[in-house]
Amino acid sequence: MTTRSAPAATGLSYADIVDLADTAPLVAHVRIRNIIPLNPEQAGDVPAGHKRLFVEGDVMGLIRGEAGIAPLVSWLYDAPVDARGKLPKLKKAQVILFARPGGRPGQIQLVARDAQIPATPAEIERVKTILSALVARDAPPRILGLGDAFHVAGTVAGEGETQIFLRTENGDPVSLSILRRPGEQPRWAVALGEIVDEAAKAPAPGSLLWYRLACTLPPALPARAVRTLSVQDAEAARADYRVVIDALGPCGRTRTPA
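Nothing here was measured: the structure is a model prediction, and the numbers come from that model. (Residues numbered from 1 in each chain as written. Predicted model: local features only at pLDDT ≥ 70, side-chain atom pairs only at ≥ 80, totals over all residues. Heavy atoms only, no water.)

Asks: Looking at this model, I keep getting lost on the confidence of the model for the protein chain. Mind explaining?
Replies: Low pLDDT marks regions whose predicted coordinates should not be analysed in detail. Scored by pLDDT, the protein chain comes out at a mean of 90, with 93% of its residues at no less than 70. Per-residue pLDDT stays below 50 along residues 1-9; that stretch engages in 30 contacts with residues further than four places along the chain or on separate chains. (pLDDT = per-residue confidence, 0-100. Contact = heavy atoms within 4.5 Å.)

Structure, rendered in structure tokens:
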């Protein structure tokens, strides 16, 4: 997927959906059959403006789940209520659930309070595309933060190259490189490997690699990343890192991960 993270019909951005899909071992297309509102004694801690429901639904399709899924599933859902305290019309609605298996057969648990979204055809396709990118062999790893930065000044004023290494969850090498030439706009690329070659380029907006960077990288280089550099080289590295952050743009999350 290569479009900027604009909200779809659900109001959720590309980054929102990846947040949900990336933590959900089970993703299913379900048609709601029954809804039972829980009384306050049963519901427990429910956020303001919501009501906890016990929901049952028929599985119309398993989008992700290696262990399979029962044809009828049940889960708890904190449904938003309107100003009059009315629940949305959910019975017979088709939804996509981002979940994990529960303690009993047929029970599932949403990975977040809002991990139930309308199952429009466009949203189903978007979720499938994101899940395919997440499980691809060449999927970029989760990024934990920044490692060391290095800068080499060129032989003429305005020329230089910065390389910044990233820390990843699985230890796979990922690095940023920023190249400056006099009279030209800075060029940057991200490499998923030990060597930065001509094939390295900036990620397409709205791609999984873009998400990993835009939604994880801090807004500025921390002091520890440039601790071995001279003052001048450290300043150059910080400026080059800003080129990357500005090019990535905002992550685009519209929800608070819960």
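Asks: Hey, could you run me through unusual backbone geometry in this one?
Replies: With glycine set apart, most residues show a phi of negative sign, and most peptide bonds adopt trans. In this structure, K92 takes a positive phi of about 75° despite not being glycine. Examined against the element boundaries, K92 turns out to sit in the loop between strand 3 (72-80) and strand 4 (94-101). (Helix = DSSP H or I, 4+ residues; strand = E, 2+ residues; numbered from the N terminus.)

Asks: Would you take a moment to explain the packing of helix 1 (residues 14-22) against helix 3 (residues 121-135) for this structure?
Replies: Helix packing geometry: the angle between the two helix axes and the distance between the axes. Here helix 1 crosses helix 3 at 60°, and the two axes come no closer than 10 Å. With respect to their mutual orientation, helix 1 and helix 3 come out oblique. Viewed along their axes, helix 1 and helix 3 form a crossing whose handedness is right-handed. Between helix 1, through Y14, I17, V18, A21 and D22, and helix 3, the contact on the second element is made entirely by E123, R126, V127, I130, L131 and L134. (Axes fitted to C-alpha atoms, helices over the stretch in contact; angles between N-to-C directions. Parallel < 35°, antiparallel > 145°, perpendicular 65-115°, else oblique. Left-handed = near helix turned anticlockwise from the far one by under 90°.)

Asks: Help me out: how do you make sense of the pattern of salt bridges in this one?
Replies: Should their charged atoms come close, side chains of opposite charge can pair. Applying the stated rule across the entire model yields 13 salt bridges. The salt bridge partner of D58 is R33, with a shortest N-O separation of 2.6 Å. Of the two residues, D58 sits in strand 2 (residues 50-64) while R33 sits in strand 1 (residues 26-37), which places them 25 residues apart along the sequence. Residue class for D58 comes out partly exposed when judged on its relative accessible area of 23%. Here D78 makes a salt bridge to R52, at a shortest N to O gap of 2.7 Å. Taken together, the residues D78 in strand 3 and R52 in strand 2 connect sequence positions 26 residues apart. Here D78 and R52 have matching classes, each one buried. (Salt bridge = Lys/Arg side-chain N within 4 Å of Asp/Glu carboxyl O. Buried < 20%, exposed > 50% of the residue type's maximum accessible area, 1.4 Å probe, protein only.)

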